[in-house]
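Listed below are the residues making up each chain.
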Amino acid sequence: MYVSVTGLKTNNLYASVKFWLLTIPAFRAAQKADGILLCENNSRNGYQHTLTIWETNAHMQAYVKSPKHMKAMKAFPSIAIGRLLSYESDIIPSWDEALLKWEQEARDG
């Protein structure tokens with residue numbers, strides 16, 4: 001399995017509105033994407049997190065290149081700061097495990 005944990009913090013109120021307008025369609029697309037095993041979101045310490053589990057890295061990469069995700073990613077630099085962690089795993093991590101690993105190992109996105 002391939003695990004992806006993201007965390008984004010918007011810059012201001014206007015950015016938050018734009019973030020949600022872009023994120024909701026992208027999140028719904030992820031929920032329906034080929035190879036998705038788990039797709040959830042959570043909020044902690046001012047960050048909006050996603051935890052997605054994919055059958056393979058190739059499945060995740062296909063979603064990353066999808067139109068709705070690309071549209072959201074193009075807007076990202078102007079609306080938020082964030083970090084990303086992706087890794088191979090034999091287990092589906094809990095939210096606590098995923099966020100701890102994200103805090104320790106994520107790279108700037």
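Details of the structure are given in the entry above.
The rules behind the values
- All residue numbers refer to position in the chain's written sequence, counted from 1.
- The model is predicted, so local features are restricted to residues of pLDDT at least 70 and side-chain atom pairs to those at 80 or more, both for listing and for counting; the totals for chains, interfaces and linings are taken over all residues.
- Hydrogens and water are ignored here; the side-chain numbers use all heavy atoms of the structure.
- To sort residues, take the accessible area from a 1.4 Å probe on protein chains only and compare it with the maximum for the residue type: under 20% means buried, over 50% means exposed, and anything in between is partly exposed.
- Here a helix means four or more residues in a row that DSSP labels H or I, a strand means two or more in a row labelled E, and each is numbered from the N terminus.
- By the convention used here, strands pair only if DSSP detects at least 2 bridges between them.
- The working definition used for a salt bridge is a side-chain nitrogen of Lys or Arg within 4 Å of a carboxyl oxygen of Asp or Glu.
- Given the number of residues in a helix, its expected span is that number minus one, multiplied by 1.5 Å.
- Note on contacts: a residue pair qualifies if any of its non-hydrogen atoms lie within 4.5 Å across the two residues.

Asks: How should the pairing of strand β3 (residues 47–54) be read in this particular structure?
Replies: A regular strand carries its side chains on alternate faces of the sheet. The buried count for β3 comes to 6 of 8 residues, which makes it a mostly enclosed element. As paired elements, strand β1 (residues 2–10) and β3 share 7 bridges and run antiparallel to each other. Within the sheet, the bridge partner assigned to L8 lies in β3 and is Q48. Bridging between strand β2 (residues 36–44) and β3 involves 8 bridges; their strand directions are antiparallel. The partner of I36 across the bridge, within β3, is W54. Hairpin geometry of β2 and β3 is characterised by an intervening segment of 2 residues between the two adjacent antiparallel strands and by a positive phi of about 55° at N45.

Asks: It is not clear to me how the pattern of salt bridges should be interpreted in this structure. Could you clarify?
Replies: Between side chains of opposite charge, pairing is possible as soon as their charged atoms come close. The full count for this structure, using the stated rule, is 2 salt bridges. For the salt bridge of D96 with R44, the shortest nitrogen-to-oxygen distance reads 3.0 Å. You can see D96 sitting in helix α4 (residues 95–105) and its partner R44 sitting in strand β2, a full 52 residues away along the chain. You can call D96 exposed: its relative accessible area is 53%.

Asks: Would you take a moment to explain helix α3 (residues 67–79) for this structure?
Replies: With 13 residues, α3 should cover 18 Å at 1.5 Å per step; its first-to-last C-alpha distance of 19 Å lies within 8% of that length. On the buried face of α3, the contacting elements are β1, α1 (13–32), α2 (57–64) and β4 (80–88).

Asks: Whenever I open this one, unusual backbone geometry confuses me. Can you help?
Replies: What is expected of a backbone is that most residues other than glycine have negative phi and most peptide bonds are trans. One non-glycine residue, N45, lies in the positive phi region at around 55°. Along the polypeptide, N45 turns up in the loop between β2 and β3.

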